[in-house]
Amino acid sequence: MSPQHAEKEAPKISATQRFLVGIRSTGRTLLDLAYPPGCIACREAVTEPGTLCASCWPKMRFIERPYCEKLGTPFTHDLGPGVLSSEAIADPPAYSKARAVARYEDGPVSQMVHRLKYTDRVELALPMGRWMARAGAELIEDSSVIVPVPLHRKRLFSRRFNQAALLAQAIAKYRPAEVDTTILRRTRPTLPQIGLTRAQRASNVQGAIQVAEEARERIAGRKVVLVDDVLTSGATTDAASRTLLRAGAARVDVLVFARVVRDA
Ligand SMILES: [Zn+2]
């Protein structure tokens, strides 16, 4: 489904209003009262709101152990505990560990990502955040601060919400920790990472994400869990992690809903 593809959906209620109602009533939103619940990916009718339909479930490729302890990329064979992938050894990222719920690929995963990001279906953040809280359980401690990857204010203005911030808030509902959406900011707009080479991706985000001056004190010595919807090349999360560590964070881990996995 193309990002430009506009879904024909139910009437608009303010995005924040819908999200809050969803949070208060564990996934049951105002819209559900007027419309039968739909699959969170394909919109096929389901009996329980906030769930996948019977045909989407088996298409989900959840990432489970065995995986690289650092990158969280799945292994085809179990090589024993704590093993790192050759990629993690050859080109170690700035963050300590990354975890993802599922592989990013066509099907329910990309449908959920696109619906949350482009079609204003903010209530999707709840079931997605619930999966993320589980996938990232070992990363989130009571003292952690969950920090979403920021959008540039121009994009935030046109889209009205940051999907990473919604996911961060949803995660904290299932795995209580502080969420701080004001620590990182984009100082200049960046191109979408899709279609860029690895080197272009790195230079595209270089210096574009910074720790807000007044936030330095708040993250000094803290364990940060950086949250985003999708991890593609890792250039954005790596740049953001570097920035957080330079500003004094004790450790940065990354938690995303979906990640691109190249099959070896
Ligand atoms: Zn479905």
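Above this text is the structure in question.
Read on for an overview of the structure. Computed from a predicted model, the values in this text were never measured in an experiment. (Residues numbered from 1 in each chain as written. Predicted model: local features only at pLDDT ≥ 70, side-chain atom pairs only at ≥ 80, totals over all residues. Heavy atoms only, no water.)

On to the overall build of the chain, then. On a plain count of helices and strands, the chain comes out with 10 helices and seven strands. The buried share of the chain, reckoned over its 264 residues, is 50%. If you take every contact in the chain between residues at least 6 apart in sequence, the share linking residues at least 24 apart comes to 71%. Accessible area of the chain: about 13,200 Å², with a carbon and sulfur share of 53%. (Helix = DSSP H or I, 4+ residues; strand = E, 2+ residues; numbered from the N terminus. Buried < 20%, exposed > 50% of the residue type's maximum accessible area, 1.4 Å probe, protein only. Contact = heavy atoms within 4.5 Å. Areas by Shrake-Rupley, 256 points an atom, 1.4 Å probe, with all protein chains shown as cover.)

What follows deals with the nonpolar core. Within the largest apolar cluster, 39 residues are counted, with the highest numbers of intra-cluster contacts made by Leu52, Met112, Val227 and Phe257. If you list the elements that add at least two residues to this core, you get β1 (98–103), α4 (108–118), α5 (125–135), α7 (163–174), β6 (223–231) and β7 (251–259). Apart from the residues within four sequence positions on either side, Val227 is in contact with Met132, Ile146, Val147, Pro148, Val149, Ala164, Leu167, Ala168, Ile171 and Leu255. Residues Val147, Ile183, Val224 and Leu231 belong to the second largest nonpolar core, which totals 30 residues. (Core = buried A, V, L, I, M, F, W, Y, C linked by side-chain atoms within 4.5 Å.)

Note that side chains of opposite charge can pair when their charged atoms are close. Tallying each qualifying case throughout the model produces 17 salt bridges. Note that Glu69 and Arg99 form a salt bridge whose closest N and O atoms lie 3.1 Å from each other. One end of the pair, Glu69, is in the loop between α2 (30–34) and α3 (86–90); the other, Arg99, is in strand β1, with 30 residues separating them in the sequence. Residues Glu69 and Arg99 agree in their burial class; the two are buried. Asp91 serves as the salt-bridge partner of Arg198, at 2.2 Å between the closest nitrogen and oxygen. (Salt bridge = Lys/Arg side-chain N within 4 Å of Asp/Glu carboxyl O.)

Turning our eyes to something else, we now look at the environment of Ser143. Mapping Ser143 onto the fold places it in the loop between α5 and β2 (145–148). Spatially, the C-alpha atom of Ser143 lies 7.6 Å from that of Arg222, the residues being 79 residues apart in sequence.

Within β7, eight of the nine residues are buried, which leaves the element mostly enclosed by the surrounding structure. Direction of pairing for β1 relative to β7: parallel, over a ladder of five bridges. Paired with Ala98 across the bridge in β7 is Val254. The pairing of β6 with β7 spans eight bridges and is parallel. Following the sheet pairing, Leu226 is matched in β7 by Val254. The parallel pair β6 and β7 is bridged by helix α10 (residues 235–246), and the resulting crossover is right-handed. (Pairing = 2+ DSSP bridges. Right-handed = clockwise from strand over helix to strand, strands pointing away.)

α10 packs onto helix α8 (residues 198–205) with a crossing angle of 40° between their chain directions and a minimal axis gap of 9 Å. When the axes of α8 and α10 are compared, the pair comes out oblique. For the element pair α8 and α10, the recorded crossing hand is right-handed. Of the residues in α10, those touching α8 at Arg201, Ala202 and Val205 are Ala235, Thr236 and Ala239. (Axes fitted to C-alpha atoms, helices over the stretch in contact; angles between N-to-C directions. Parallel < 35°, antiparallel > 145°, perpendicular 65-115°, else oblique. Left-handed = near helix turned anticlockwise from the far one by under 90°.)

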